[in-house]
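# Reading the structure
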Amino acid sequence: MKSPFYLLAASVLLLTGTACVRTSTVVKVDKEGAGSVIARYHFSPEMLAMVDQLGALGGIQGAAPQGPNLAMIGEMAKPDEESLAADASNYGEGVRYAKHELGKDDDGWEGYTVVYEFDDIRQVRIDQNSVPGKAKEFVESSGEKLDAEEGSRITFDLKDDTLEIHTNIAGAGVNQMIDEEQLAQARNMGMKPSEALKMAAGMTRGMRVGFFVRIDGEIAETNAEHVSGNLIILSDADVSQVMQDPDFAEFIDQTVENPEAVTEEAVKELYDDLEAMTIEMSEKVTVKFK
């Protein structure tokens, strides 16, 4: 089961043939367990322009039979406060909408930043349902079902002055970046799965997905593998670069030939070899506040 962010990207890629979305989620937490969730979503100018063109031609609803509702993409890029506030609970009990801001990122991708606040980090959960605005509705309009018990998830605990971050991102598997149906189509066309991925990589140019935890204050001690100041990197991927990586291509081809070889150990070994992807390998990260 893919994460909602990859599902969102894959749906748009299949229907528009262009790069789609870049997103980052930062959980900021202080020593008392209070903090905020900062989610950023930005959509490529090419994708938004294509959707506008389809709309002008009156073909946006019929562009992809039985696919997602493309008319919703414009709404996702410019969500209103009501839709964002309604989805605060997607991040856990007691999480509440604080503010949001529309705008473009440094590369001119259009989107928004939304901030949610919480008083107890132990109630915060990042999973399949943790998407704000119309994103969840868009993915489900394609016939996909988001299940909070499947795919990647991040939960937290706080014991005295130590934050615990529980994550299965590494163990969730490489299937968060591949589509089995597309690979099957590639085989039927006589193509290696890696060849199909390379073709798709050009359409994902600029797409990036990341999850981070920022400590409000200083870190006294942590077992996190990837730390920059007070920022802990749980995952960060340049999707296009990953899809073009020779190690990734080789792994995908081997996976199709022998699915039983896709063990948690094999996937983690692959992550170590991918230069365009940073993944926290530990399922339990501890952070001691200073």
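The rules behind these values
Residues numbered from 1 in each chain as written. Predicted model: local features only at pLDDT ≥ 70, side-chain atom pairs only at ≥ 80, totals over all residues. Heavy atoms only, no water. Helix = DSSP H or I, 4+ residues; strand = E, 2+ residues; numbered from the N terminus. Buried < 20%, exposed > 50% of the residue type's maximum accessible area, 1.4 Å probe, protein only. Arc of directions from axis to C-beta. Phe/Tyr/Trp six-rings, centres within 6.5 Å; stacked < 30°, edge-to-face > 60°. Pairing = 2+ DSSP bridges. Contact = heavy atoms within 4.5 Å. Core = buried A, V, L, I, M, F, W, Y, C linked by side-chain atoms within 4.5 Å. Salt bridge = Lys/Arg side-chain N within 4 Å of Asp/Glu carboxyl O. Axes fitted to C-alpha atoms, helices over the stretch in contact; angles between N-to-C directions. Parallel < 35°, antiparallel > 145°, perpendicular 65-115°, else oblique. Left-handed = near helix turned anticlockwise from the far one by under 90°. Nonpolar A, V, L, I, M, F, W, Y, C, P; charged D, E, K, R; others polar.

### Some remarks on unusual backbone geometry
We note that D160 has phi near 55°; this positive angle belongs to a residue other than glycine. Structurally, D160 can be placed in the loop between β6 (154-159) and β7 (162-167).

### With respect to helix α7 (residues 193-201)
Within α7, the full set of buried residues consists of P193, S194, A196, L197, A200 and A201. Down the axis of α7, the smallest arc covering the buried residues is 155°, so these residues share one side.

### A short note on the environment of S89
One can find S89 in the loop between α4 (81-86) and β3 (96-104). Judged by its relative accessible area of 51%, S89 falls in the exposed class. Separated by 35 residues in sequence, S89 and V124 place their C-alpha atoms 9.2 Å apart.

### Regarding the packing of aromatic side chains
Scanning the model with the defined rule gives 3 aromatic pairs in all. Aromatic pair Y41 and Y112: ring centres 5.7 Å apart, planes at 10°, arrangement stacked. Of this pair, Y41 sits in strand β2 (residues 35-43) while Y112 sits in strand β4 (residues 110-118), and the two are 71 residues apart along the sequence. In this structure, Y41 and Y112 share a single accessibility class: buried.

### Thoughts on the pairing of β6
Alternating positions in β6 separate cleanly, I154, F156 and L158 being buried on one face and T155, D157 and K159 remaining unburied on the opposite face. Where strand β5 (residues 125-126) meets β6, 2 bridges bridge the pair, whose relative direction is antiparallel. Within β6, the residue paired with R125 across the bridge is T155. Linkage of β6 to β7, two consecutive antiparallel strands, is achieved through a turn of 2 residues, within which D160 is found at a positive phi near 55°.

### A short note on helix α10 (residues 264-273)
For α10, every residue scored as buried is listed here: A266, V267, L270 and Y271. Projected onto a plane normal to the axis of α10, the buried residues spread over an arc of 140° and lie on a single side. Residues of α10 that are exposed and point more than 90 degrees away from the buried face comprise E265, E269 and D272. Packing partners of the buried residues in α10 comprise α9 (246-257) and β12 (277-279).

### Looking at the nonpolar core
Within the largest apolar cluster, 66 residues are counted, with the highest numbers of intra-cluster contacts made by Y116, I121, F156, L163, I165 and V213. Not counting chain neighbours up to four residues away, the residues in contact with V213 comprise V27, V29, F156, L163, I165, N230, L231, I232 and L234. In terms of nonpolar packing, the next biggest core, distinct from the first, is built from 6 residues, V26, I38, V115 and I233 among them.

### Examining the pattern of salt bridges
Across all of its chains, the model carries 11 salt bridges by this definition. The salt bridge partner of K159 is E164, with a shortest N-O separation of 3.6 Å. Note on K159: relative accessible area 45%, which makes it partly exposed. Its salt-bridge partner being K284, residue E164 comes within 3.6 Å of it at the nearest N-O pair.

### Quick look at the pairing of β3
With 8 bridges joining them, β3 and β4 adopt antiparallel strand pairing. The partner of L102 across the bridge, within β4, is Y112. Connecting β3 to the next strand, β4, in antiparallel fashion are 5 residues, including G108 with a positive phi near 85°.

### What about the environment of P246?
Here P246 shows up in helix α9. Considering only alpha carbons, one finds P246 and L274, 28 residues apart in sequence, at a separation of 9.0 Å.

### Overview of the sheet that holds β7
The 5 strands lie next to each other as β5-β6-β7-β13-β9, forming an open sheet whose pairing is antiparallel. In this open sheet, the two strands that pair with only one neighbour each are β5 and β9 (219-222).

### Quick notes on the environment of A85
Structurally, A85 is set in helix α4. As a C-alpha pair, A85 and V115 span 30 residues in sequence and 9.8 Å in three-dimensional space.

### Focus on the packing of α9 against α10
α10 packs onto α9 with a crossing angle of 160° between their chain directions and a minimal axis gap of 9 Å. The orientation of α9 with respect to α10, classified from their angle, is roughly antiparallel. As α9 runs across α10, the sense of the crossing is left-handed. Facing D247, F248 and F251 of α9, the residues of α10 in contact are A266, V267, L270 and D273. Tallied by class, residues from the contact of α9 with α10 come to 5 nonpolar, no polar and 2 charged.

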